[in-house]
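The lines below spell out each chain.
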Amino acid sequence: MSGFLKLLLRNRLAALGGVVITGIVALALVTPLLPLQPPDVTNTAERFARPFSPGHLLGTDNLGRDLLSRLLLGTRLSLAVGTVAALGAAVTGSAIGIVAGYFGGRTDNVIMRLIDMLMAFPYILLALAIVAALGPGLVNALIAVAAVNVPFFARNIRGLTVGLAGREFIDAARLSGLGHTRIILSELLPNVLPVIVIGISTTVGWMILETAGLSFLGLGSQPPQADLGSMLGEARAALITAPHSSVVPGIMIFLIVMSINLLGDGVRDALDPRLKSGALSRPRAATRVAREHVPEVPQQGVLDLQNLETQFHVGRRVYRAVNDVSLHVKPGECLGIIGESGSGKSVTALSVMGLVASPPGVITGGAVRHDGTDLLSLRPGDLRARRGAKVAYIFQDPLATLHPLFTIGDQLIEAIRSHRALPKAQARARALEMLEAVRIPNPESRLENYPHEMSGGMRQRVGIAMAMINEPEVIIADEPTTALDVTVQAQILSLLDELRRERGLAILFITHDFGVVAQLCDRVAVMYAGRIVEEGPTMQILDAPAHPYTKRLIACVPELGGGRRTLAAIPGLPPVVDKLPEGCAFAPRCAKAQEACRRGEIALEGAAPRAVRCLFPEEAPT
Amino acid sequence: MTGYILRRLVSAIPVLLGITVIVFLIMAMIPGDPATAILGSYATPENVARINASLGLDKPLVQRYFIWLGHMLTGDFGRSYALNRPVLDEILDRFSATMVLAGTSFVLCAILGVLAGVVSAARQYGWADRAITFVVLIGISVPSFFLGMMMILIFAVRLKWLPVSGMYAIYGGGDLADLARHLAMPALALAAVATGVIARMARSAMLEVLRQDYIRTARAKGVSETRVVLRHALKAAMVSILPVLGLQAGFVLSGAVYIEMVFQWPGVGRMLVDAILKRDILLVQGGVVFVAACYVVFNIAVDVVQGLLDPRIKA
Ligand code: SF4
């Protein structure tokens with residue numbers, strides 16, 4: 001609770017709203033105690049006195065009545081009416097919602113149908129109809145506004161209750177012989193109450209506005225009694241000659257509604273955990289780069305990662321997702337990066353083309369070179385020109401990574417035309433050719449399909465076609481087969497392998513599965529907690545893993561190329577990368593861990609082409 | 001697609017019936033004898049007898065409903081005694097004025113709202129985002145009728161740019177330019193709140209979509225950022241913005257009441273308020289059913305657009 005208040009106060013606007021509305025409410029509360037002019041005494045000699053006239057701080061209205069005292073009384077009335085309407089709507093609506101949600105079945109069906117009917121009306125129209133039936137008057141306006149807001153509460157609370165009604169503690173209460181009323185009052189109500197309160201706080205401003213509106217139309221409070229709306233309505237006739245009599249109540253309504261809105265927004269934000277974590281931030285077009293120097297090393301492959309460091313900055317916490325990673329891929333070579341989820345392998349892959357969501361991602365060090373050019377220092381336009389054209393990605397789960405609202409054809413054609421000014425027809429022909437190349441049957445008709453109309457395997461072929469369509473030099477495949485079943489996976493892998501051999505592609509292949517690595521990769525780098533812990537030719541590593549972690553990973557694949565693919569068999573959890581232990585990050589899970597492992601930096605070393613980051617490797621790499 | 005539209009049209013029938021039932025029940029809450037209530041000061045014994053005979057007002061409630069419904073289905077909404085003309089004629093006359101106002105407002109708030117939301121999201125936490133957020137906050141907090149009055153003071157009285165009220169100039173007006181000049185302020189005042197609500201919704205929908213994997217895919221393909229925002233993200237965001245547009249159309253349509261009062265606009269809203277104050281019950285009843293039915297039809301149109309936008313719906 002106090003954390004919530006702190007959050008609320010940190011939101012300056014919400015705090016401002018809170019202060020203003022508290023002030024207005026306080027003023028309304030003490031109004032009867034203030035030495036004010038009588039609000040209903042007419043004095044035609046002093047009609048429309050301007051603000052700051054003697055005796056009338058805010059001037060007078062069309063009958064010479066003191067505006068200040070009318071304003072304060074009107075505010076009092078409007079606040080009271082709006083609040084009562086909100087409470088009325090909340091109580092009635094929640095009661096309906098709880099009954100519908102708790103009893104379910106036919107009751108629920110009938111009630112919710114009715115509520116839907118009410119919601120089919122334009123909101124204010126329904127209020128007008130109710131006032132028309134009951135007759136103009138403040139109480140009737142209040143009833144009308146409360147009534148039209150009942151569906152809002154009924155719906156929300158019903159949804160919540162349905163969720164609760166199926167839970168064990170309700171069943172337990174029922175089994176222990178408690179009556180429905182008791183269960184609703186003692187078990188359900190306390191659980192839905194916070195939502196009701198939030199509902200009230202977000203709608204009360206609206207209800208004040210609506211009752212004021214009805215009064216403005218002459219359908220609410222009747223003279224001489226006046227709420228803010230009818231003050232404004234009466235002043236309208238003299239809008240041009242005496243604008244102040246309109247401005248005064250109008251600004252008051254505005255202040256009340258705005259401060260309640262500000263407060264309501266603050267409450268909502270304070271309760272929304274996503275805002276705090278920055279999960280609602282818009283990712284920039286390219287990951288932010290903030291590095292002190294660019295490491296200079298001679299070019300070794302078509303893609304060189306040198307001392308790459310990528311971090312996530314969330315609030316004051318820093319997650320070191322990629323920590324000093326260096327990798328090199330040559331043309332026609334396939335390099336695997338393997339590790340558990342959270343090991344930093346995907347972030348490494350996404351860092352290459354600046355696709356790590358940012359915020360929160362920041363590339364804090366190192367270099368990524370394609371053909372010797374540092375991609376991290378490219379201007380946005382130049383980076384964009386290389387994305388997809390020189391270095392292309394294949395992602396996991398193409399249902400989420402293909403746009404659901406565009407056809408396959410559109411998406412393929414767009415990939416081409418982002419880089420070449422090709423006429424549409426030619427681009428289409430090229431798209432068709434690519435679909436054939438990845439062996440999609442009936443490619444012609446597939447162009448018109450949407451992603452959801454295809455099978456997972458077909459979608460991934462589309463993903464590959466899209467990556468290949470501009471004939472890139474490097475393909476980065478981020479777990480492209482994880483969502484697929486074993487046979488389809490094998491097909492996709494052999495397709496990739498074939499394409500690589502035919503076109504001399506360099507592939508960076510991210511996976512958590514040594515079985516997949518064995519089928520496709522020439523070399524493999526094992527990542528753990530953001531760092532490479534072992535690296536070398538696939539066959540050598542499979543034959544003789546040096547790092548205890550690698551050994552475990554391999555042991556998880558019962559029979560290479562088939563069977564169960566999971567890493568769950570490794571006991572313990574990978575470390576959270578914001579609290580890395582000193583020394584070897586794997587030590588807590590390592591059977592061979594010694595005192596020395598927990599101290600100081602352990603280097604990645606060994607005789608080329610192998611290297612390992614372990615003080616007590618399984619067998620000396622040769 | 002045709003099948004989808006037909007299905008939606010059929011599903012609207014119970015909603016429309018429900019609307020008539022609700023309006024009928026609300027109106028049945030009027031205390032006292034319905035014939036006297038409807039006739040008001042015209043309640044001579046002959047008139048009472050005549051109206052009882054034609055509307056079956058002395059029959060039980062259920063029967064009365066079906067008589068009323070039957071009349072409406074044949075286009076007979078009854079007669080306004082205060083205006084001495086058929087209710088439907090009056091509604092149709094007034095409704096065109098409301099459509100001009102509400103329609104313009106709706107187009108305005110849809111375009112401005114979505115635009116503001118997109119800019120806000122694309123420039124999250126930048127100065128444009130802050131400025132829009134601030135204006136939106138004011139927009140959704142200021143009562144439309146007060147906003148209308150302040151616009152009159154500034155643009156009509158002070159600056160004399162625009163006419164104070166009405167739909168056409170009394171002398172020499174009547175063309176489109178005249179209408180536009182009269183329409184500008186009321187349409188904007190009416191659009192303000194809805195624009196704010198739509199802008200907020202559009203902003204958060206865009207932010208939600210911009211974090212999706214398929215946006216990353218578009219970027220990985222090398223699609224330009226403008227295109228990513230305006231084509232990929234906006235199209236996906238529209239799926240959640242459209243229902244809000246439908247909802248806001250209802251607010252614009254019924255909120256026209258206030259604006260029509262402030263600007264002396266000869267629309268249905270003002271007609272309804274006058275009818276309520278004069279206790280012209282048949283006119284209120286007919287007007288409410290008519291406007292609500294139009295709104296239901298409009299929402300079907302929104303659903304159809306939704307179906308066109310999102311291929312996953314038809315399946
Ligand atoms: S360094 Fe020590 S703790 Fe780490 S893997 Fe090697 S043996 Fe295990």
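The rules behind the values
Every chain is numbered independently, its residues counted from 1 as its sequence is written. All chains are assigned letters beginning at A, and all ligands numbers beginning at 1, according to the order in which they are written. Thresholds applied to this predicted model are a pLDDT of at least 70 for local features of residues and 80 or more for the giving and counting of side-chain atom pairs; totals over whole chains, interfaces and linings are not thresholded and use all residues. Think of the side-chain values as coming from all heavy atoms in the structure, minus any hydrogens and water. Numbered from the N terminus, helices here are DSSP runs of H or I no shorter than four residues, and strands are runs of E no shorter than two. By definition, residues are in contact when any of their heavy atoms lie within 4.5 Å. Within the patch definition used here, like charges are joined within 9 Å and nonpolar side chains (Val, Leu, Ile, Met, Phe, Trp, Tyr) within 5 Å, considering only residues with over 30% relative accessible area and no salt bridge. Under the convention used here, a 1.4 Å probe and the Shrake-Rupley method define accessible areas, while residue burial counts only the protein chains that appear. A side-chain nitrogen of Lys or Arg and a carboxyl oxygen of Asp or Glu constitute a salt bridge if their distance falls within 4 Å. Burial here depends on accessible area, computed with a 1.4 Å probe over protein chains only, as a share of the maximum for the residue type. Under 20% is buried, over 50% is exposed, and the range in between is partly exposed. Pairing of aromatic side chains here covers Phe, Tyr and the six-membered ring of Trp, requires ring centres within 6.5 Å, and sorts the geometry by plane angle: under 30 degrees stacked, over 60 edge-to-face, intermediate tilted. UniProt positions are given in the numbering used here, feature names are shortened, and annotations may be inferred rather than shown by experiment. Lines fitted to C-alpha atoms define the axes here, with helix axes fitted over just the stretch in contact, and angles between the N-to-C directions of these axes take values from 0 to 180 degrees. Convention used here: angles under 35 degrees read as roughly parallel, angles over 145 as roughly antiparallel, angles from 65 to 115 as roughly perpendicular, and any remaining angle as oblique. For any helix crossing, the convention is left-handed if the near helix is rotated counterclockwise from the far helix by under a right angle, and right-handed if that rotation is clockwise. The residue classification treats Ala, Val, Leu, Ile, Met, Phe, Trp, Tyr, Cys and Pro as nonpolar and Asp, Glu, Lys and Arg as charged. All others, Gly included, are polar.

1. Structural notes on the environment of A:E605
Residue and element names in this part refer to chain A.
- By secondary structure assignment, the location of E605 is in the loop between α22 (548-555) and β12 (611-612).
- C-alpha of E605 to C-alpha of V325: the two residues are 280 residues apart in sequence and 13 Å apart in space.
- For E605, the contacting residues outside a window of four places in its chain are A611 and V612.

2. A short note on a nonpolar patch on the surface
Residue and element names in this part refer to chain A.
- Judged by side-chain polarity, V25, L27, L29, V30, L33 and L34 come together as a nonpolar surface patch covering roughly 530 Å² of accessible area.
- Note that V30 resides in helix α2 (residues 12-30).
- A relative accessible area of 33% means that V30 is categorised as partly exposed.

3. Side note on the packing of aromatic side chains
- Going through the model one piece at a time under the given rule, you end up with 18 aromatic pairs over all chains.
- Here the aromatic rings of A:Y123 and B:F251 are separated by 5.3 Å at their centres, their planes lie at 25 degrees, and the arrangement is stacked. On the criterion of chain membership, the pair formed by A:Y123 in helix α5 (residues 123-134) and B:F251 in helix α10 (residues 225-262) is interchain, its members lying in two chains.
- On the accessibility criterion, A:Y123 (14% relative accessible area) is buried.
- Residue classification places B:F251 among the partly exposed positions, given a relative accessible area of 23%.

4. Description of the UniProt feature "transmembrane region" (unreviewed entry) in chain B
- According to UniProt, the positions carrying the feature "transmembrane region" (unreviewed entry) are residues 12-30, 95-119, 131-157, 183-202, 236-261 and 281-305 of chain B.
- Strand forms 0% of residues 281-305 of chain B and helix 100%; the C-alpha atoms that close the span are 36 Å apart.

5. Examining the side chain of A:R531
- Mapped onto the elements, A:R531 comes out in strand β11 (residues 531-537).
- With residues up to four places along the chain from it excluded, the contact list for A:R531 reads A:N323, A:D324, A:V325, A:S343, A:V526, A:E601 and A:R613.

6. Some thoughts on the packing of helix α9 (residues 213-221) of chain B against α10(B)
All names here are of chain B.
- Where α9 meets α10, the closest approach of the two axes is 10 Å, and the angle between their N-to-C directions is 155 degrees. Compared by their axis directions, α9 and α10 come out roughly antiparallel. For the pair α9 and α10, the crossing hand works out as right-handed. Two secondary-structure elements touch here, α9 through Y214, I215, A218, R219 and K221 and α10 through E225, V228, H232, A233 and A236.
- For the contact of α9 with α10, the class distribution of residues is 6 nonpolar, 1 polar and 3 charged.

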